[in-house]
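# Architecture and fold: a report
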Amino acid sequence: MYKELEDVKAVFFDLDDTLYDQLKPFSLALESENLTIEPSLIEPLFKKVRFYSDLLWKTYTNGKIDLDELRTKRLIMACNDYNVDLSLEKAKMIQASYEKQQNSIKPFSDVESLIINLHQYKKMVGIITNGPVEHQYKKIKALQLHRLISRDKIFISDSIGIAKPDKRIFHYVQKQVEVNSNQCCYIGDNWENDVISPIEAGWKTVWFNHRNRDPETNHSPIKEIVEYKNFMV
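Residues numbered from 1 in each chain as written. Predicted model: local features only at pLDDT ≥ 70, side-chain atom pairs only at ≥ 80, totals over all residues. Heavy atoms only, no water.

With that settled, the discussion passes to the pattern of salt bridges. Following the criterion strictly, the structure yields 17 salt bridges and no others. Glu99 serves as the salt-bridge partner of Arg71, at 3.4 Å between the closest nitrogen and oxygen. Of this pair, Arg71 sits in helix H3 (residues 67-81) while Glu99 sits in helix H4 (residues 88-101), and the two are 28 residues apart along the sequence. You can call Arg71 buried: its relative accessible area is 10%. Between Lys164 and Asp194 there is a salt bridge; the shortest N-O distance is 2.9 Å. Linking Lys164 in the loop between helix H7 (157-160) and helix H8 (168-177) with Asp194 in helix H9 (residues 191-200), this pair joins segments that are 30 residues apart in sequence. Each of Asp17, Asp21, Glu43, Arg50, Asp189, Arg211 and Arg213 takes part in one network of salt bridges that share partners. (Salt bridge = Lys/Arg side-chain N within 4 Å of Asp/Glu carboxyl O. Helix = DSSP H or I, 4+ residues; strand = E, 2+ residues; numbered from the N terminus. Buried < 20%, exposed > 50% of the residue type's maximum accessible area, 1.4 Å probe, protein only.)

Remark: helix H1 (residues 23-32) packs on helix H2 (residues 42-61), axes separated minimally by 10 Å, with the N-to-C direction vectors making an angle of 110°. On the basis of their axis angle, the class for H1 and H2 is roughly perpendicular. Once H1 is placed against H2, the crossing between them reads as right-handed. Of H2, the residues touching H1 (which contributes Leu23, Phe26, Ser27 and Leu30) are Ile42, Glu43, Leu45, Phe46 and Val49. The residue makeup of the contact of H1 with H2, split by class, is 7 nonpolar, 1 polar and 1 charged. (Axes fitted to C-alpha atoms, helices over the stretch in contact; angles between N-to-C directions. Parallel < 35°, antiparallel > 145°, perpendicular 65-115°, else oblique. Left-handed = near helix turned anticlockwise from the far one by under 90°. Contact = heavy atoms within 4.5 Å. Nonpolar A, V, L, I, M, F, W, Y, C, P; charged D, E, K, R; others polar.)

Written out as structure tokens, the structure reads:
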């Protein structure tokens, strides 16, 4: 196991685009709803959707928009950036197809092996994710990760009332599992939510940078990986 985890007692993962490839159901949803877009633009469009999702999440948590509006707005705003005219009705159809495709998601390669290894090394393993409880747990079940991670180690923002990037969600979790912050590690793909926030809460972080993004600040994760096999000895 990676040497920087020797003093870590608890390892928590982000969910979306960290434990499974969120681009796959997104691409299939665009295809099923016949959205005309160059294949080379699908991943950049997806990144824009994630960008606007994070941007609008703050508005959602403040109660100014509901979740359905967030999901359609992020699609419309992202498409506008690529001069793709997307109606509200079409955005709703793509979102519905996207949610349907998420019923068939699979974990990234080596995710299950890593979790099993962490358990073997006596590490507590959990998930911290933003989103509605039923929706997020449905994805965890689709990934079959509920077999490897106990329900009491899965923390979903809507059930807590705190969402990333608010670092208080990490303080809340460590109190619940009774582990000191410097003995906790978080693994995730989003720089603001999954690197800055836990570091500022006193946690160690591993940046799962499989989309080859650039760091946005001077915060330093203990390791940057693009595949989970890079995390394992």
